[in-house]
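Structural characterization, general
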Amino acid sequence: MKTFIITLILIISLSGHMVAQGMPVYDNTNFISLAKSLVESAKQTTQLLKSVEFLKQQKENIEKVNNVIKQLKAVKELTKNNQKLFNMVQKDLREILNSPYIKVDEVDRISESFNSIIEQSLDNLDFIAQILSSDTLKMTDAERAMFLKEKEQQSKEMVAEIEQKTRLYKSIISFRTMQDKINNRETNY
């Protein structure tokens with residue numbers, strides 16, 4: 001009982017110094033403003049996600065168009081190189097073969113060297129046409145554009161090879177012409 005009395009005295013004496021905690025008070029206007037703000041943020045986030053997706057699709061479309069343009073440029077360049085190749089062979093080969101300084105046994109060899117380049121060029125054009133017109137190889141536009149660029153480079157090399165052969169044969173003709181003039185000149189001594 002002594003302890004009960006001491007406890008009771010302590011409670012009564014401390015009751016003046018005790019602070020009671022109450023329920024927190026909420027401001028409903030702040031809560032409603034926060035909820036509205038969250039809803040608006042969610043709408044904006046949704047709109048941003050839609051915009052990002054739209055921009056991704058547009059980027060893919062631009063890349064596709066860009067690859068198609070690269071393919072068209074490569075095909076145009078290939079066509080130009082092959083046309084140049086055919087014109088050179090037609091003009092230069094005729095000129096070389098019609099020269100009186102080309103020997104009969106050289107005609108077949110010269111013709112064959114030019115024809116092999118033309119045949120390779122035609123084979124490349126056929127293969128390119130197959131690649132562009134069918135999806136059997138399942139190439140992406142970027143792979144197809146890269147392949148066309150490689151073929152374009154090969155066609156430039158063929159043009160350079162034809163030019164080199166033409167220069168070689170023309171220099172042979174020029175040398176033989178000069179040699180003939182020297183051998184058949186009239187002496188005045």
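Anything mentioned here points back to the structure above.
In this text the structure is predicted, and so the values were computed from the model without any measurement. (Residues numbered from 1 in each chain as written. Predicted model: local features only at pLDDT ≥ 70, side-chain atom pairs only at ≥ 80, totals over all residues. Heavy atoms only, no water.)

**Brief notes about the pattern of salt bridges**
- All told, the structure shown has ten salt bridges when counted by the stated rule.
- In this structure, Glu63 engages Lys59 in a salt bridge whose closest nitrogen and oxygen atoms are separated by 4.0 Å. Taken together, the residues span about one helical turn, with Glu63 and Lys59 both in helix 2 (residues 28-97) at a distance of four residues.
- Overlapping salt bridges, with partners in common, bring together Lys91, Asp92, Glu95 and Lys170 in one network. (Salt bridge = Lys/Arg side-chain N within 4 Å of Asp/Glu carboxyl O. Helix = DSSP H or I, 4+ residues; strand = E, 2+ residues; numbered from the N terminus.)

**Describing the nonpolar core**
- Leu85, Val89, Ile96, Ile110, Phe114 and Ile162 are the most contacted members of the largest nonpolar core, which has 15 residues in total.
- Those elements that provide at least two residues to this core are helix 2, helix 3 (104-133) and helix 4 (141-183).
- Not counting residues within four places of it along the chain, the set of residues in contact with Val89 comprises Arg94, Phe114, Ile118 and Ile162.
- Within the second largest apolar cluster, six residues are counted, among which are Ile128, Ile131, Phe147 and Leu148. (Core = buried A, V, L, I, M, F, W, Y, C linked by side-chain atoms within 4.5 Å. Buried < 20%, exposed > 50% of the residue type's maximum accessible area, 1.4 Å probe, protein only. Contact = heavy atoms within 4.5 Å.)

**Describing the packing of aromatic side chains**
- Applying the stated criterion to the full structure yields two aromatic pairs.
- Arranged with centres 6.1 Å apart and planes meeting at 35 degrees, the rings of Phe114 and Tyr169 form a pair that is tilted. With a gap of 55 residues between them, Phe114 in helix 3 and Tyr169 in helix 4 connect regions that are remote in the sequence.
- Of the residues examined, Phe114 reaches a relative accessible area of 0% and is grouped as buried.
- Tyr169 sits in the buried class, given a relative accessible area of 10%.
- Their ring planes at 70 degrees and their centres at 5.5 Å tell us that Phe127 and Phe147 sit as a pair that is edge-to-face. (Phe/Tyr/Trp six-rings, centres within 6.5 Å; stacked < 30°, edge-to-face > 60°.)

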